[in-house]
Amino acid sequence: MTEAADAASASGFRLTGSAPERYEQYVAPLMAPFVAVLVESAELRPGATVLDLACGTGFTARLAAARVGPTGRVHGSDVNPEMLKVAVAHRPHLYPDIEFAQAAADGLPYEDGAFDAVLCQQGAQFFPDLSAACAEAARVTAPGGHFAATTWSHLDRSPYFLAQRELVATYAGEEAAADFTRAFAVTGDVLAGALREAGFQEVAAVPVTLDVTLPPLTDYAPGHLSALPWSTLTGTEALRTVGPAFANRFADRTAPDGTVTLPFTATLTTAVR
């Protein structure tokens, strides 16, 4: 395994250098519709306290802050300090500042029952110890509070991701492609089981398929790939060819303005403490 792949395996979803800022730029169009579904599922009210677990650059924390308003309180935690720097830079100033902390999911620096809701957007599949992370989520969730998470469903449910996986296999080999598929390794059933073991109730996992409109793929596809931990495995040759290859592959779904609308499927897992 390469050094980059080894770091990703040991630490979850970790980005360094300029990659976190590219993540904010290129992943936002893809994540936004699912972030909206995630936040809506938690039934946030004005004044609520919320934790964005494995917050990355803060997509979910920002939307949660808009929902809970100036009387609410939003925290974001992530193991990756570079992602947190971008989260801090992009946090809004319409409400009291979102508070971000560097912390692993299985060692959160918060008091018992501190949050009315714990949200996790595409992070659970990267936790080194899912059971321990769910136990920590249960500890910091107040009685009657909500937990909600999204995890990507099987690759076959999202043609764009399937094409990405094939590209990684072509240019970096099957070992790198196997590392790529870790993002799809935690099914709703697996996460639901871990939540029940941690003491959550009313656990449910449902697939959510949304059509997402992406910018023209000639530029977007290589930019998106460069914002992922596996970008160092694919090399410059792949980044030169991936844009035209993606554009050709999805030509039948391309609008006159160059945008491309594709289905993506995630599993929304919810629970009550």
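All residue numbers here refer to positions counted from 1 along the written sequence of the relevant chain. Side-chain atom pairs in this predicted model are given and counted only at pLDDT of 80 or more, local residue features only at pLDDT of at least 70, and totals for whole chains, interfaces and linings cover all residues. Only hydrogens and water are removed before side-chain values are computed, so all heavy atoms of the structure are retained for them.

A. The pattern of salt bridges, seen in detail. A side-chain nitrogen of Lys or Arg and a carboxyl oxygen of Asp or Glu constitute a salt bridge if their distance falls within 4 Å. Tallied over the full model, the rule gives seven salt bridges. When the shortest N-O distance is used, the salt bridge between glutamate 166 and arginine 249 registers 2.6 Å. Here glutamate 166 is found in helix 6 (residues 159–172), whereas its partner arginine 249 is found in helix 10 (residues 231–249), with 83 residues between them in sequence. By relative accessible area, which is 36% here, glutamate 166 ends up partly exposed. A single network of salt bridges, built from pairs that share partners, joins Asp112, Glu136 and Arg139. Each helix is a run of DSSP H or I of at least 4 residues and each strand a run of E of at least 2, with the numbering of both proceeding from the N terminus. When accessible area is computed with a 1.4 Å probe and restricted to protein chains, residues below 20% of their type maximum are described as buried, those above 50% as exposed, and intermediate ones as partly exposed.

B. How the structure looks around helix 9 (residues 217–226). Most of helix 9 sits inside the fold, with eight of its 10 residues counted as buried. Along helix 9, the residues that are buried comprise Leu217, Tyr220, Ala221, Pro222, Gly223, His224, Leu225 and Ser226.

C. Structural view of the pairing of strand 2 (residues 73–78). By the criterion of burial, strand 2 is predominantly enclosed, with five of the six residues buried. In this sheet, strand 2 lies alongside strand 1 (residues 49–53) in parallel orientation, the contact comprising five bridges. What sits directly across from leucine 51, in strand 2, is histidine 75. When the strands point away from the viewer and the connection leading from the first strand across the helix to the second strand turns clockwise, the crossover is called right-handed. Since strand 1 and strand 2 lie parallel, the crossover through helix 3 (residues 59–68) that links them has a hand, and here it is right-handed. For two strands to count as paired, DSSP must find a minimum of two bridges between them. Looking at chain direction, strand 2 and strand 3 (residues 99–102) are connected through four bridges and run parallel. Residue pairing for strand 3: aspartate 78 is matched across the bridge by glutamine 102.

D. Molecular detail of unusual backbone geometry. Even without glycine at this site, glutamate 43 takes up a positive phi of about 55°. Its location among the elements puts glutamate 43 in the loop between helix 2 (19–41) and strand 1. Look at glutamate 202: it is not a glycine, yet its phi comes out positive at around 50°. By secondary structure assignment, the location of glutamate 202 is in strand 6 (residues 201–214).

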